[in-house]
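Okay, here's what each chain looks like letter by letter:
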Amino acid sequence: MSIWLDGRLQDVDTARVSVFDHGLTVGDGVFETVRATDGRPFALTRHLDRLTRSARGLGLPDPDHDEVRAACAAVLAADPMPLGRLRITYTGGHGPLGSDRGAQGPTLIVALGETTRRPDSTAVVTVPWTRNERGALTGLKTTSYAENVVALARAQQHDATEALFANTVGQLCEGTGSNVFVVLDGEIHTPPVASGCLAGITRALTVEWTGARETDLPMDVLARADEIFLTSTLRDVQAVHRVDDRELPGAPGPVTAKAMRIFDERSGEDLDP
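So, a few notes on the structure that sits alongside this text.

Basis of the calculations
- Residues numbered from 1 in each chain as written.
- Predicted model: local features only at pLDDT ≥ 70, side-chain atom pairs only at ≥ 80, totals over all residues.
- Heavy atoms only, no water.
- Patch = residues over 30% accessible without salt bridge, like charges linked within 9 Å, V, L, I, M, F, W, Y side chains within 5 Å.
- Areas by Shrake-Rupley, 256 points an atom, 1.4 Å probe, with all protein chains shown as cover.
- Salt bridge = Lys/Arg side-chain N within 4 Å of Asp/Glu carboxyl O.
- Buried < 20%, exposed > 50% of the residue type's maximum accessible area, 1.4 Å probe, protein only.
- Helix = DSSP H or I, 4+ residues; strand = E, 2+ residues; numbered from the N terminus.
- Polar contact = N/O pair within 3.5 Å; in protein donor to acceptor, adjacent residues only side chain to side chain.
- Contact = heavy atoms within 4.5 Å.
- Pairing = 2+ DSSP bridges.
- Phe/Tyr/Trp six-rings, centres within 6.5 Å; stacked < 30°, edge-to-face > 60°.

### Focus: a nonpolar patch on the surface
Item 1. Among the surface-exposed residues, Val19, Phe20, Leu24 and Leu97 lie close enough to one another that they form a single nonpolar patch of about 430 Å² accessible area.
Item 2. A relative accessible area of 64% places Leu97 in the exposed class.

### Observations concerning the side chain of Thr202
Item 1. Within the secondary structure, Thr202 is located in helix H5 (residues 201-210).
Item 2. Given a relative accessible area of 6%, Thr202 falls into the buried group.
Item 3. From its side chain, Thr202 meets the backbone oxygen of Ser232 in a polar contact 3.2 Å long.
Item 4. Those residues in contact with Thr202, other than ones at most four positions away along the chain, are Thr231, Ser232, Thr233, Asp236 and Phe263.

### A short note on the pairing of strand E9 (residues 172-175)
Item 1. The pairing of strand E8 (residues 162-167) with E9 spans three bridges and is antiparallel. Bridge pairing links Phe165 to Glu174 in E9.
Item 2. Following E8, the chain reverses through four residues before pairing antiparallel with E9; Gly170 in that reversal takes a positive phi of roughly 85 degrees.

### Concerning the pairing of strand E10 (residues 179-184)
Item 1. Counting buried positions along E10 gives six out of six residues, so the element sits mostly inside the fold.
Item 2. Summarising the sheet, E10 and strand E13 (residues 227-232) pair through five bridges and their orientation is antiparallel. Note that in E13 the partner of Val182 across the bridge is Ile228.
Item 3. The pairing of E10 with strand E11 (residues 187-190) spans three bridges and is antiparallel. Within the sheet, the bridge partner assigned to Val183 lies in E11 and is Ile188.

### Looking at the packing of aromatic side chains
Item 1. In the structure shown here, the tally under the stated rule is four aromatic pairs.
Item 2. Judged by centre distance (5.2 Å) and plane angle (80 degrees), the rings of Phe31 and Tyr145 are edge-to-face. Linking Phe31 in strand E3 (residues 29-37) with Tyr145 in the loop between strand E7 (121-131) and helix H4 (146-157), this pair joins segments that are 114 residues apart in sequence.
Item 3. Here Phe42 and Phe263 contribute two aromatic rings whose centre-to-centre distance is 6.3 Å and whose plane-to-plane angle is 70 degrees, an arrangement assigned as edge-to-face. With Phe42 in the loop between strand E4 (40-41) and helix H2 (44-58) and Phe263 in helix H6 (residues 254-269), this pair connects stretches of sequence that are 221 residues apart.

So, to be careful, I would describe these as geometric facts and stop short of saying anything about function.
Structure representation (structure tokens):
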């Protein structure tokens, strides 16, 4: 595996980040995960735009898109695997042990790991913790991910691959690393960004390509939706066949199956929509 760090390609044995990097000590960083097929990234422009929005939300300097693109190209060229997870990490850089930032500038890391295509359907659970739709990090894709680690561990204890959060007013929000959609009377709905969910890249494309509506949804919609599906970079569109103890037989249902087909077709036609 080759990793881009400090402006050049390095291998796993030599790529090292300082123990004083703010991304490590206080979680002061942002990141993007990009799907790469046969060495070609998908929707990279959208991911870089969101990386910049997240960086600005933390008060970090704008990442240099030309540098990030060059780093991605170098890493992908070094190992053009059939299906990869391209991870772009951008941190506050070397700093003190407290919350104050140092003056050396940000750290950019780009790495690639192999992955496999997800199953057509999966199980999810709801968790008792909430997303804060008014928090300082709301809507930012930051490296402060411990809350998601805890929730995902809860899901895995229940033979599920994702955990779903409500926000502080009891509305359906998002998963640990995915957005959630429900089908009601043949119509697709997903929580609006104002609910506190991340503005997912796959979410946005799914809304554009299927005509899904952004709707404030109570958590109990999960108990009555005709169909439920998740979207994310590595899931694309994935049906849900179980929520907690509720089974959704026949998943993916007809609306979800159509959304899956549309996404596969449209994403295959344009690698940078």
